[in-house]
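Commentary on secondary and tertiary structure
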2 protein chains.
Amino acid sequence: MSNNHISTLQEKKVDVYPSRIHSEPRILKRQDPVVHSEWNTSSPVTKEQSDFYEQHGYLFLEGFLNQEELKHYQKEARDLQVTARQSESNHIIREPEGSEVRSVFAIHETRPVFQKLSQDSKLLSIVEYLLASKTYIHQSRINYKPGFTGKEFYWHSDFETWHVEDGMPRMRALSCSIALEDNFHFNGPLMVVPGSHKEFVACVGKTPDNHFKDSLRKQEYGVPDHDNLTRMVKEGGIDTPVGKAGSIVIFDCNIMHGSNSNITPMPRSNIFMVYNSIENKLVQPYSGQQARPSYIANRET
Amino acid sequence: MSNNHISTLQEKKVDVYPSRIHSEPRILKRQDPVVHSEWNTSSPVTKEQSDFYEQHGYLFLEGFLNQEELKHYQKEARDLQVTARQSESNHIIREPEGSEVRSVFAIHETRPVFQKLSQDSKLLSIVEYLLASKTYIHQSRINYKPGFTGKEFYWHSDFETWHVEDGMPRMRALSCSIALEDNFHFNGPLMVVPGSHKEFVACVGKTPDNHFKDSLRKQEYGVPDHDNLTRMVKEGGIDTPVGKAGSIVIFDCNIMHGSNSNITPMPRSNIFMVYNSIENKLVQPYSGQQARPSYIANRET
C-alpha cells in the first residue's frame with residue numbers, strides 16, 4: 001500500500017460531515033468556527049460586521065466596487081458571454097431549458113482581469129480575516145441568470161457538495177458574489193437562511209457517477225429535505241441582500257441559500273468566487289467517487 | 001344565414017383589439033376607460049385610491065378580510081386542495097412538472113362559501129364602482145402555488161386571452177386576488193407593471209385548437225414580446241403588492257402581470273375572482289375557434 005493511499009485513508013477516517021449515505025436526513029452540529037480569527041481593532045471589518053457574519057452567516061457590502069471598476073467588469077462579462085454563446089467549452093453551463101448561457105467557470109484562470117479581481121487587496125483582507133489564513137480560489141464563475149427565462153437555483157449548502165463531491169474536509173471556505181447589475185427583490189436575487197450555517201444537513205441518496213454536468217444546470221443530489229428547510233426558515237427567516245451593481249455578498253460555505261426564477265426583463269449577472277483556506281486543502285471526495293474537474297473544483301492550492 | 005350568424009359577424013366586425021393575427025407584435029391604444037365611473041363623495045373608494053387605480057392599474061387593500069373570515073376561507077381552501085389531489089375533475093390544474101395541485105377552477109359554483117364571498121357587499125361595491133355596472137363572475141379559482149416547487153406564471157395581459165380565446169369584447173373587467181397566506185417578496189408574489197394597462201400588446205402567432213389545458217399549466221400563446229415588456233418595465237417599473245393574509249389586490253383586466261417561482265417553504269395560495277360587466281358579455285372568440293369551457297370562462301351573465 002503506497003504512502004499516498006494510507007494518507008488518503010487517514011484523511012477519510014475523519015469525515016466529520018458524512019452526507020448522502022443514510023436513507024433519512026440527519027442534522028449534525030457544525031464542528032468549525034464561522035469567523036476563524038479573533039476580532040481586534042486592526043481587523044478589516046467592524047466588530048458589528050464580524051458578529052453579524054458569525055450569527056447570520058453572511059455580510060452585505062454596498063458599493064464595494066467603484067463605478068470605473070464596475071464598468072470594466074461589466075464589459076468583460078458581456079464579452080465573455082458573447083464568446084461563450086459560440087463556444088463548445090465544458091467551462092460553459094447552459095440553462096436547463098434552452099441554450100442560453102447560465103454560467104461560465106474558471107474565469108480567474110482564463111481572464112486576467114478576473115484573476116486580478118480575485119486578488120483585490122480589500123477583498124482578500126476580509127477573506128483572510130474570516131478564514132484566518134492565506135487562501136486560494138476553489139471555484140470561480142460568472143452566473144448570467146438572464147432576464148425572462150432565468151431559472152431557479154434550489155436550496156443547498158455549497159459545503160455539502162464541496163465536501164461530498166470535491167473532498168473539502170472542513171468548513172473553512174466562503175463565497176463572494178459581486179453584483180454586475182442592480183439587484184431587486186423581484187429578479188431572482190440570492191436568498192439566504194440566516195443561522196442555517198451553524199448546522200449541517202446530511203442529505204439523502206447516493207450521488208450517481210459524473211452527474212456534475214446536470215447538477216450545475218439543475219440540482220438533484222445534495223438537496224436538503226423539506227422538513228429541515230421549513231424548520232430552518234421558521235427559525236432564521238429568509239434574507240435577500242439586494243442592492244446596486246457593484247455591491248458584494250460574502251457568505252459562509254455552509255449557509256443554506258438559493259434563488260427563485262427571473263421572468264423580469266432585468267438580467268442578474270454576478271461574479272462568483274469561492275475562497276478556501278490553504279489549511280483546508282482537498283482530499284479524495286468523501287463519496288469515494290471520482291473528483292470533479294479542476295475548472296469546477298480547483299485541486300491546486 | 002341565420003340571425004344568430006349575422007349578429008356574430010357584426011360583433012366580430014368591431015374587434016378593436018385584434019391579437020395573434022400578425023407576425024410582428026403591435027401596440028394598440030386602449031379604447032376603454034380604466035375607471036368607468038365618475039368619482040364622487042359617496043364612492044366606495046377614496047379619490048386617491050380611484051386615481052391610483054386609473055394610473056397604475058391596480059389597488060392593494062391590506063386587511064380586507066377580518067381574522068374570522070380569513071380562517072374560514074383558509075380551511076375551505078385546504079379542504080378543497082385535499083379533495084382535489086384525489087380528483088380527476090377537469091376543474092383541477094396541476095403543476096407543469098409533477099402532480100401537485102396548481103389551481104382549482106369555478107370555486108364560486110362548486111362551493112357555497114366562495115359563492116358568498118364573490119357576492120361580498122364591500123367587494124362588490126368597489127367592483128361595481130370601477131366597472132360602472134352590475135357584474136358577474138367570469139372566472140374564479142384558487143391558485144395554490146405550493147412551497148418548494150411553485151412554478152412561475154409568465155407575463156401576460158388577462159384581457160388578451162379573454163378577448164382572443166373567450167370573446168370578451170372590451171376592457172371592462174377586473175380581477176381580485178385575495179391572499180390566503182402572508183405574502184412576501186420572496187415567495188413568488190404577483191408582479192404588476194404599473195401603467196401597462198393603458199396599451200394593448202397584440203401578440204404574435206395563431207392559437208392551436210384546445211390548447212387551454214396546457215396554457216393553464218404553462219402559457220405559450222398570447223405571450224408578449226421581450227422588446228415591449230422591456231420598454232413597459234422601463235416606463236412603469238415593477239410593483240409587488242405584498243402583505244398579510246386577508247389582503248386583496250384588485251387589478252385591471254389588461255395590466256401586464258406575472259410571478260416568479262417559489263422555492264421557499266411558504267406556499268402562496270390565493271383566491272382569484274374575475275368580474276366582468278354585464279354590458280360586456282362574451283361573444284364568439286375572436287380567434288374564430290371554439291370557446292373554452294364554462295368553468296374557465298363563464299358564458300352566462
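Scope of this entry: the structure provided in the associated data block. What you are looking at is a predicted structure, and each value in this text was computed from that prediction instead of being measured.

**Some points on the overall build of chain A**
- If you tally the helices and strands in chain A, you get nine helices and twelve strands.
- Its C-alpha atoms give chain A a radius of gyration of 18 Å, within 12% of the compact-globule value 19 Å for 301 residues.
- C-alpha extents for chain A along the principal axes are approximately 55 × 50 × 40 Å.
- The 301 residues of chain A split such that 57% are buried.
- Once local pairs closer than 6 in sequence are excluded, the contacts in chain A between residues at least 24 apart make up 84%.

**Remarks on the interface of chain A and chain B**
- Each partner contributes residues to the interface: chain A has 26 residues there, and chain B has 26 residues.
- Roughly 2,300 Å² is buried in total at the junction of chain A and chain B, and carbon and sulfur atoms are behind 61% of that figure.
- Broken down residue by residue, the surface that chain A buries against chain B is led by Phe148, Asn260 and Ile263 of chain A, which jointly contribute 29%.
- In this assembly, chain A and chain B are joined by two salt bridges.
- Here glutamate 152 of chain A makes a salt bridge to lysine 151 of chain B, at a shortest N to O gap of 2.7 Å.
- Among the elements that make up the side of chain A that touches chain B, the one with the highest residue count is helix α9 (residues 226-236) of chain A (four residues).
- Considering only residue class, the side of chain A that touches chain B consists of twelve nonpolar, ten polar and four charged.

**Regarding helix α7 (residues 158-166) of chain A**
Residue and element names in this part refer to chain A.
- In terms of residue burial, α7 counts as a mostly covered element, since nine of its nine residues are buried.
- Three or more residues of α7 are buried, namely Asp158, Phe159, Glu160, Thr161, Trp162, His163, Val164, Glu165 and Asp166.
- Where α7 starts, the residue carrying a side-chain oxygen 3.2 Å from the main-chain nitrogen of phenylalanine 159 turns out to be serine 157.
- Just downstream of α7, glycine 167 is the residue with a positive phi angle, here 80 degrees.

**Concerning the side chain of glutamate 199 of chain A**
All names here are of chain A.
- For glutamate 199, the location among the structural elements is in strand β9 (residues 199-202).
- For glutamate 199, the side chain forms a polar contact with the side chain of arginine 231, separated by 2.9 Å.
- When residues no more than four places from it in sequence are discounted, the contact partners of glutamate 199 are Ile27, Leu28, Arg30, Arg231, Met232, Glu235 and Asn254.

**Structural notes on the relation of the copies chain A and chain B**
- By a simple turn and slide, chain A fits onto chain B: the slide is 0.0 Å along the axis, the RMSD is 0.0 Å, and the turn is 180 degrees. The relationship between the two copies is best expressed as a two-fold rotation axis. By C-alpha distance to the rotation axis, the residue of chain A lying nearest is serine 261 of chain A, at 2.7 Å.
- Looking at chain A, 100% of its interface residues are interface residues in chain B too, so the copies touch through the same face.

**Details of the sheet that holds strand β7 (residues 173-179) of chain A**
Residues and elements named next belong to chain A.
- Spatially, seven strands are ordered β2-β10-β7-β12-β5-β4-β3 in an open sheet, and the strand pairing comes out antiparallel. Of all the strands in the sheet, the pair left with one neighbour each is β2 (58-61) and β3 (92-94). Averaged over all pairs of adjacent strands, the angle between their axes in this sheet comes to 15 degrees, without regard to strand direction.
- In the sheet, β2 pairs with strand β10 (residues 248-252) via four bridges, with the strands oriented antiparallel.

**Regarding the pattern of salt bridges**
- Using the criterion set out here, one finds 31 salt bridges over all chains in the structure.
- Of the charged contacts, one joins glutamate 160 of chain A and arginine 20 of chain A as a salt bridge, the two residues approaching to 2.7 Å between their closest N and O atoms. Placement of the pair is glutamate 160 of chain A in helix α7 and arginine 20 of chain A in the loop between α1 (3-13) and β1 (26-29), with a sequence separation of 140 residues.
- On the basis of relative accessibility, which here comes to 6%, the residue arginine 20 of chain A falls in the buried class.
- Between glutamate 199 of chain B and arginine 231 of chain B there is a salt bridge, and its shortest N-O distance comes to 2.9 Å. Of this pair, glutamate 199 of chain B sits in strand β9 (residues 199-202) while arginine 231 of chain B sits in helix α9 (residues 226-236), and the two are 32 residues apart along the sequence.
- Its relative accessible area of 16% is what places glutamate 199 of chain B among the buried residues.
- When salt bridges that share partners are traced, they join Arg20, Glu160, Glu165, Asp166 and Arg292 of chain A into one network.

**Overview of the sheet that holds strand β11 (residues 256-259) of chain B**
Residue and element names in this part refer to chain B.
- Read across the sheet, three strands follow the order β6-β11-β8 without closing on themselves; strand pairing throughout is antiparallel. A single partner strand is all that each edge strand has here, and the edge strands are β6 (153-157) and β8 (191-192).
- When β8 meets β11, the two strands line up antiparallel, connected through two bridges. Looking at the pairing, methionine 191 lines up with glycine 258 of β11.
- Contacting β6 and β11, helix α7 (residues 158-166) runs over the sheet at an angle of about 70 degrees to β6.

**Considering unusual backbone geometry**
Residue and element names in this part refer to chain B.
- Although it is not a glycine, lysine 145 sits at a positive phi angle of roughly 30 degrees.
- The residue lysine 145 is located in the loop between β5 (135-143) and β6 in this model.
- Of note in the backbone geometry, phenylalanine 148 takes a positive phi value of approximately 70 degrees without being a glycine.
- With relative accessibility at 10%, the residue phenylalanine 148 sits in the buried group.

**Considerations on the environment of isoleucine 248 of chain B**
Residue and element names in this part refer to chain B.
- Examined against the element boundaries, isoleucine 248 turns out to sit in strand β10 (residues 248-252).
- The exposure class assigned to isoleucine 248 is buried, which follows from its relative accessible area of 0%.
- Sequence separation of isoleucine 248 and leucine 61 is 187 residues, and the distance between their C-alpha atoms is 5.2 Å.

**A closer look at the state of the cysteines**
- The final tally for this structure, using the stated rule, is zero disulfides over all chains.
- In this structure cysteine 253 of chain A is a free cysteine whose sulfur lies 12 Å from that of cysteine 176 of chain A, the closest cysteine sulfur available.

**Re the packing of aromatic side chains**
All names here are of chain A.
- One pass over the full model with this rule turns up 16 aromatic pairs over all chains.
- Residues tyrosine 17 and phenylalanine 200 carry aromatic rings whose centres are separated by 5.2 Å and whose planes lie at 55 degrees to one another, so their mutual orientation is tilted. One end of the pair, tyrosine 17, is in the loop between α1 and β1; the other, phenylalanine 200, is in strand β9, and 183 residues separate them in sequence. For the pair tyrosine 17 and phenylalanine 200, a shared accessibility class is recorded, and that class is buried.
- Among the aromatic residues, those joined into a ring-pair cluster are Tyr17, Phe159 and Phe200.
- Its guanidinium or amino end placed over the ring of phenylalanine 153, arginine 102 lies 3.9 Å from that ring's centre, counting from NZ or CZ.

**Structural notes on the pairing of strand β7 (residues 173-179) of chain B**
Residues and elements named next belong to chain B.
- Counting buried residues in β7 gives seven out of seven residues, a clear majority hidden from the surface.
- By the alternation rule, side chains of β7 split into Ala173, Ser175, Ser177 and Ala179 and Leu174, Cys176 and Ile178, which are all buried.
- In terms of strand pairing, β7 meets strand β12 (residues 270-277) through seven bridges, oriented antiparallel. Note that in β12 the partner of alanine 179 across the bridge is asparagine 270.

**Some remarks on the side chain of asparagine 262 of chain B**
- If you trace the backbone, asparagine 262 of chain B turns up in the loop between β11 and β12.
- If we ignore the near neighbours within four places in the chain, the residues touching asparagine 262 of chain B are Asn260 of chain A together with Lys145, Pro146, Gly147, Phe148, Thr149, Gly150, Phe186, Asn187, Gly188, Pro267 and Arg268 of chain B.

Conventions used here
- Residues numbered from 1 in each chain as written.
- Chains lettered and ligands numbered in written order.
- Predicted model: local features only at pLDDT ≥ 70, side-chain atom pairs only at ≥ 80, totals over all residues.
- Heavy atoms only, no water.
- Helix = DSSP H or I, 4+ residues; strand = E, 2+ residues; numbered from the N terminus.
- Rg over C-alpha atoms; globule rule 2.2 N^0.38 Å.
- Buried < 20%, exposed > 50% of the residue type's maximum accessible area, 1.4 Å probe, protein only.
- Contact = heavy atoms within 4.5 Å.
- Buried area = accessible area lost by both parts, 1.4 Å probe.
- Salt bridge = Lys/Arg side-chain N within 4 Å of Asp/Glu carboxyl O.
- Nonpolar A, V, L, I, M, F, W, Y, C, P; charged D, E, K, R; others polar.
- Polar contact = N/O pair within 3.5 Å; in protein donor to acceptor, adjacent residues only side chain to side chain.
- Least-squares fit on C-alpha atoms with pLDDT ≥ 70 in both.
- Pairing = 2+ DSSP bridges.
- Axes fitted to C-alpha atoms, helices over the stretch in contact; angles between N-to-C directions.
- Disulfide = S-S within 2.5 Å.
- Phe/Tyr/Trp six-rings, centres within 6.5 Å; stacked < 30°, edge-to-face > 60°.
- Lys NZ or Arg CZ within 6 Å of the ring centre and 35° of its normal.

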